[in-house]
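# A look at the structure
Spelled out, the chains give:
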Amino acid sequence: MSFQSIKRTALGAALLLIAGSFAFACQSTSSTDASNSDAAEKVYVAPGEHDEFYAFMSGGYSGQLGIYGLPSGRHLKTVPVFSQFGENGYGYSEDTRPLLQTSFGFVPWGDAHHPKVSQTDGVPDGRWLFINENNTPRIARVDLTTFETTEVLEIPNSAGNHASAFVTPNSEYVSAATRFSIPMDEENLQNQDVSIDSYKENFNGTISFIRADKPGEMEVSFQILVPGYDYDLSHAGKGPSDGWSFFTSYNSEEANTMLEKNASRNDKDFIAAVNWRKAEEYANNGECRMVPGEHAHNHVNHDTGLAESEMRDEVCVLNPADNPGMVYFLPTPKSPHGVDVDPTGQYIIAGGKLSTIIPVFAFDKMIDAIERESFAKDIDGIPVLNYNELLHGEVENPGLGPLHTEFDGKGYAYTTAFISSEIVKWDIEKTEVVDRIDTYYSPGHLMIPGGDSQEPFGQYLVALNKITKDRYLPTGPELWHSAQLIDISGDKMKLLLDFPTSGEPHYAQAIPADMIKDKQRKIYDIKTENGNPYKVLNEDETGIERRGNEVHVYMSAIRSHFVPDNIEGIKLGDEVYFHVTNLEQDWDIPHGFAVQGANTAEVLVMPGQTRTLKWTPTKTGVFPFYCTDFCSALHQEMQGYVRVSPEGSDVPLASNAGQERPGSQLLSK
Amino acid sequence: MQWSAPLQSRTRWAVAIAAIALVAVYIFPIWQISLDAPQYPEGLGMEIWVHTVTGENPNDLQNINGLNHYIGMKEIDPDTIPELVYMPWIIAGLMVLGLGVALINRRWALALWATLFLLFAIAGMVDFYIWAYDYGHDLNPEAAIKVPGMSYMPPILGTKQMLNITAGSWPAIGGIIMMLSCAAACGLTAFELFWADTPDQNASDTDTAPSSAPASTDASIDVHPSASSASSSSTSVA
Ligand SMILES: [Cu+2]
């Protein structure tokens, strides 16, 4: 056993060196392959034609979500989720700011990782997309009819929300888990002011299940207390394994410093197999402990369109020691990263990033071992199963640094090898490699449309590479990441296209365009779909109102003017709220609003929508405001002025839009 | 020409159908105006109904008005067009008159109806022309876009290029049915007066009109020697 592992490690090290040089050496030949006309034809989407798939790519440290078309690789949109976004005012406007509220206050940046499309019967259904934030543990919901973030839930008693957001087959739950274990007091699980050296004694993690199938009503249904490891990735079971979720962990060494060395010692770490139906039953029966756990729940009010934030202060926690039969540990080689369940729901595949094989566990063997109570040991009430009793097989020679696996639904699995910078295709039943292809460079996740569901759409695979180097025209030291589109419809994988992606796309999802294309919202019906309390239905309703030191401007925008467009009577010390309603009812005619000296951003207002920008003037004078979105031939004329007078000035509050509209006057709403 | 002669039974039926067909005017738009511009791949258009003007899609009218304001064209507001108030009544009147013709069963009545109908149709087109001319020429002098010598009168029938927009104007289902109905009224009148008139001698044919109307006694004396054939036809018609 130890001889084997020494041999493997030696082999691995040797391969690493070879692969390092090989990856660069063979780059030119592969590029030539890709530029053949066959590949060009397969990715060519003629002008005016649409792509076959929507791809949703995490923006990583941009905190956002990138929308791309496949097979063209066109970047269609960036959806802001966890970070403020000057492009449309998300996180700056009064109506979106509450979405970024947390128990730490307003957090304007986030680190998005794993997008996941909601599912029905184990297949993506295109209703919503969930995505997690690592740094301030959060989960967001993006509505796929508007491509807007509509809900954000903070995860309490956790840090580093990495193993998230993975949905159960009917979107009952989205799961989350602690990547960076933290000290928790025994009674209340509160973070503690203790020595970091007391890691082994004080630090713990949690695995959380978040109710996800009711828009606007996400909640942490229950948390499971787990040992202080780093929980890394997850996938829910499906088919026979529906009701279970699998979470990889590393740092079973419980190191708190220099993890690259200290957390790489153990030959095996664990996959935590969680019977969430069992846990749900415990929680529903009230067999959990309610502990304090302050966390924010933010959502866009469906009626008003305004985001709201509320603070919740406790959460239901289950402990495997008190609630048996809920969590089992599957020993897994060498700091596993990804864990993936094949479309049949029978095989559980781990990516041991320092391992030289890919272990394939059989779900029925796991259940059998649990029923026989064949446990090697017990850690904090969690039974540890025996590796060999779970194994369906090991994939030999899978490349170096296997990380993530997706499936084509035809019996094959595709695994990224980070170190050897390749994707290997292997037969799930036989656990044998059948094909491999280089990627440029160092793929993390990979994505096949529907490739982690019960019915993959096959056809394409996208490698999400971490290193870009020379793939595109260089742009200084900072480069976008690189993706490669690979044709997997035949026996041999073929590189079709290379395209840059914004931020650091960790994971991605893709669904056929037809699933959601025709459900896209084009405008908001101003009469029936805009319940914003500050809206105006027409120019006659516009006006200005003072409430103490708050001044509210009820403004309309339509090609090519604002009403009112001259505002006076603002004084230093006032807070001015511009409530801008876009009166257009025509697709793709947004108007923007920006005012000099605002230390927020513009707001971009969709047809029929109302958005509010707060402006606190800091200087006296007359300041222009204007439309930021080139809306019409007379867009440059779409402007106005606001006058700011000194504190205590007697300039009367007034607003108008010239001779034509003297009526836009004082209001007291 | 015998103005007071009764109608042939076929004619009576055709008149009744032509009158009833006018119901279509209340169900379908009469006229449609489409605007094609590069920025509107999904199309933009409006429909003129007997009582209102609407967009082809829910917001098209607002969007057309939005575009028109650049050239200073008056806003198209159905609430300010009086024709849309009395047109439904005129059409209803034409329907009632048409049914009346079938009942009165006299050539003069048919001729009167056809004349009124035709006059109405001509007046309608003239009115449409005046509106179109007015919209196209009575432009706000303050308009943002002023092209010297350019007017924007939409076509009455057919297509016309105006700046970036190709405007098309065509009768819609309701209008087509109304035109067919009007054509039927005129055609039937011509038929009755110029063709059905002469062969009185073979009036024994069963096409002769039913004799249920009180005036029909005169009619049978005038035109149809055989009252029995008339009454037999009335049963077959009933
Ligand atoms: Cu504008």
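Since the model is a prediction, treat every value here as computed from it, not as a measurement.

### Here's the deal with the overall build of chain B
- Per the secondary structure count, chain B includes eight helices and five strands.
- Tracing chain B from N to C terminus, the helices and strands come up as α-α-β-β-β-α-α-α-β-β-α-α-α.
- The buried share of chain B, taken over its 238 residues, is 46%.
- Taking the contacts inside chain B whose residues are at least 6 apart along the sequence as the reference set, 67% of them involve residues at least 24 apart.

### What about the packing of aromatic side chains?
Residues and elements named next belong to chain A.
- Taken as a whole and judged by the stated rule, the model has 34 aromatic pairs over all chains.
- Here Tyr-173 and Phe-222 contribute two aromatic rings whose centre-to-centre distance is 5.6 Å and whose plane-to-plane angle is 65°, an arrangement assigned as edge-to-face. Remark: Phe-222 occurs in strand S14 (residues 219-227) and Tyr-173 occurs in strand S11 (residues 173-177); sequence separation between them is 49 residues.
- For Tyr-173, a relative accessible area of 3% gives the class buried.

### A few points about the sheet that holds strand S44 (residues 621-626) of chain A
Residue and element names in this part refer to chain A.
- Taken together, the six strands give an open sheet; going across it, the order is S42-S41-S44-S45-S39-S46, and neighbouring strands pair in mixed fashion. Bordering the open sheet on either side are strand S42 (603-605) and strand S46 (654-656), each of which pairs with just one other strand. Neighbour-to-neighbour, the strand axes of the sheet open up by a mean angle of 20°, direction not taken into account.
- Pairing of strand S39 (residues 566-571) with S46 involves three bridges; the strand directions are antiparallel. The residue bridging Ile-567 from the neighbouring strand is Ser-655, located in S46.

### Considering the coordination of the copper ion
All names here are of chain A.
- Taken together, the protein donors to the copper ion comprise His-591 (ND1), Cys-627 (SG), Cys-631 (SG) and Met-638 (SD), at separations of 2.1 to 2.6 Å.
- Metal-centred angles of 94 to 126° between the four donor atoms at the copper ion mark the site as tetrahedral.
- In terms of primary sequence, the donors binding the copper ion are separated according to H-x35-C-x3-C-x6-M.
- Note on Cys-631: relative accessible area 10%, which makes it buried.

### Points about the domain arrangement of chain A
Residues and elements named next belong to chain A.
- Domain parsing of chain A yields domain 1 (53-471 + 479-515) and domain 2 (539-655).
- Computed from C-alpha atoms alone, the centre-to-centre distance between domain 1 and domain 2 is 43 Å.
- Facing 11 residues of domain 1, the contacting portion of domain 2 comprises 11 residues.
- Where domain 1 abuts domain 2, roughly 860 Å² becomes buried across the two surfaces, and 50% of that area is made up of carbon and sulfur atoms.
- Of all residues in domain 1, the largest losses of buried area upon contact with domain 2 belong to Tyr-92, Glu-94 and Asp-95, amounting jointly to 48% of the total for that side.
- Counting across the interface, domain 1 meets domain 2 through one salt bridge.
- Across the pair Arg-611 and Asp-95 runs a salt bridge whose closest N-O atoms are separated by 3.6 Å.
- Linking domain 1 with domain 2 are three residue pairs in polar contact (both at pLDDT 80 or more).
- Counted by class, the side of domain 1 that touches domain 2 contains one nonpolar, six polar and four charged residues.

### Things to note about the sheet that holds strand S31 (residues 443-447) of chain A
Residues and elements named next belong to chain A.
- Read across the open sheet, the four strands follow the order S31-S32-S33-S34; overall the sheet is antiparallel. Each having just a single partner strand, S31 and strand S34 (494-501) make up the two edges of the open sheet. Recorded for the sheet is a direction-independent mean angle of 25° between the axes of neighbouring strands.
- Judged from the seven bridges that link them, strand S33 (residues 481-487) and S34 form a sheet pairing that is antiparallel. Following the sheet pairing, Asp-487 is matched in S34 by Lys-494.

### Structural notes on the interface of chain A and chain B
- Each side of the interface is counted separately: chain A has 11 residues, and chain B has nine residues.
- Counting each side, the surface lost to burial between chain A and chain B is near 810 Å², with a carbon and sulfur contribution of 43%.
- By the criterion of area lost to chain B, the three top residues of chain A are Arg-559, Gln-585 and Asp-586 of chain A, representing 53% of everything that side buries.
- The interface formed by chain A and chain B includes seven residue pairs in polar contact (both at pLDDT 80 or more).
- Among the residues making up the side of chain A that touches chain B, the classes are represented as five nonpolar, three polar and three charged.

### Details of the state of the cysteines
Residues and elements named next belong to chain A.
- Counted under the stated rule, the structure contains one disulfide over all chains.
- Cys-288 shares a disulfide with Cys-316; S-S distance 2.4 Å. Across the S-S bond linking Cys-288 and Cys-316, the dihedral sits near -130°, which makes this disulfide left-handed. Note that Cys-288 is positioned in the loop between helix H6 (276-284) and strand S18 (289-300) and Cys-316 in strand S19 (residues 307-318), a separation of 28 residues in sequence. Exposure class is identical for Cys-288 and Cys-316. Each is buried.

### So, the environment of Arg-277 of chain A
Residue and element names in this part refer to chain A.
- Mapped onto the fold, Arg-277 is located in helix H6.
- On the basis of relative accessibility, which here comes to 36%, the residue Arg-277 falls in the partly exposed class.
- Discounting residues that sit within four places of it in the chain, Arg-277 has contacts with Glu-172, Asp-242 and Gly-243.
- Among the polar contacts made by the side chain of Arg-277, one reaches the side chain of Asp-242 at a distance of 3.3 Å.

### Re the pairing of strand S35 (residues 508-512) of chain A
All names here are of chain A.
- For S35, the tally of buried residues reaches five of five residues, placing the bulk of the element in the interior.
- Residues Ala-508, Ala-510 and Pro-512 line one face of S35 and the alternating positions Gln-509 and Ile-511 line the opposite face, and both faces are buried.
- The pairing of strand S1 (residues 53-58) with S35 spans five bridges and is antiparallel. Paired with Tyr-54 across the bridge in S35 is Ile-511.

### A word on the side chain of Arg-471 of chain A
Residues and elements named next belong to chain A.
- Relative to the elements of secondary structure, Arg-471 occurs in the loop between strand S32 (460-465) and S33.
- When its relative accessible area of 16% is taken as the criterion, Arg-471 is described as buried.
- For Arg-471, the side chain forms a polar contact with the side chain of Asp-498, separated by 2.6 Å.

### Focus on the packing of helix H1 (residues 9-20) of chain B against helix H4 (residues 83-104) of chain B
Residues and elements named next belong to chain B.
- Contact pair H1 / H4: the axes reach a minimum separation of 8 Å and the direction vectors enclose 165°. Comparing their axes, H4 and H1 come out roughly antiparallel. The two elements H1 and H4 cross, and the hand of that crossing is left-handed. Side by side, H1 and H4 meet where Arg-12, Val-15, Ala-16, Ala-19 and Ile-20 of the first sit next to Met-95, Gly-98, Leu-99, Val-101, Ala-102 and Leu-103 of the second.
- Tallied by class, residues from the contact of H1 with H4 come to nine nonpolar, one polar and one charged.

### Topic: the pairing of S11 of chain A
Residues and elements named next belong to chain A.
- Where burial is concerned, most of S11 is hidden: five out of the five residues are buried.
- Inspection of the sheet shows S11 paired to strand S13 (residues 203-211) by five bridges, in the antiparallel sense. Within S13, the residue paired with Ala-176 across the bridge is Ser-208.

Rules and cut-offs
- Residues numbered from 1 in each chain as written.
- Chains lettered and ligands numbered in written order.
- Predicted model: local features only at pLDDT ≥ 70, side-chain atom pairs only at ≥ 80, totals over all residues.
- Heavy atoms only, no water.
- Helix = DSSP H or I, 4+ residues; strand = E, 2+ residues; numbered from the N terminus.
- Buried < 20%, exposed > 50% of the residue type's maximum accessible area, 1.4 Å probe, protein only.
- Contact = heavy atoms within 4.5 Å.
- Phe/Tyr/Trp six-rings, centres within 6.5 Å; stacked < 30°, edge-to-face > 60°.
- Pairing = 2+ DSSP bridges.
- Axes fitted to C-alpha atoms, helices over the stretch in contact; angles between N-to-C directions.
- Donors = N, O, S within 2.8 Å, 3.2 Å for Na, K, Ca; no water.
- Tetrahedral: all angles 85-135°; square planar, octahedral: opposite > 155°, others 65-115°.
- Domains from an automatic or database assignment.
- Buried area = accessible area lost by both parts, 1.4 Å probe.
- Salt bridge = Lys/Arg side-chain N within 4 Å of Asp/Glu carboxyl O.
- Polar contact = N/O pair within 3.5 Å; in protein donor to acceptor, adjacent residues only side chain to side chain.
- Nonpolar A, V, L, I, M, F, W, Y, C, P; charged D, E, K, R; others polar.
- Disulfide = S-S within 2.5 Å.
- Parallel < 35°, antiparallel > 145°, perpendicular 65-115°, else oblique.
- Left-handed = near helix turned anticlockwise from the far one by under 90°.

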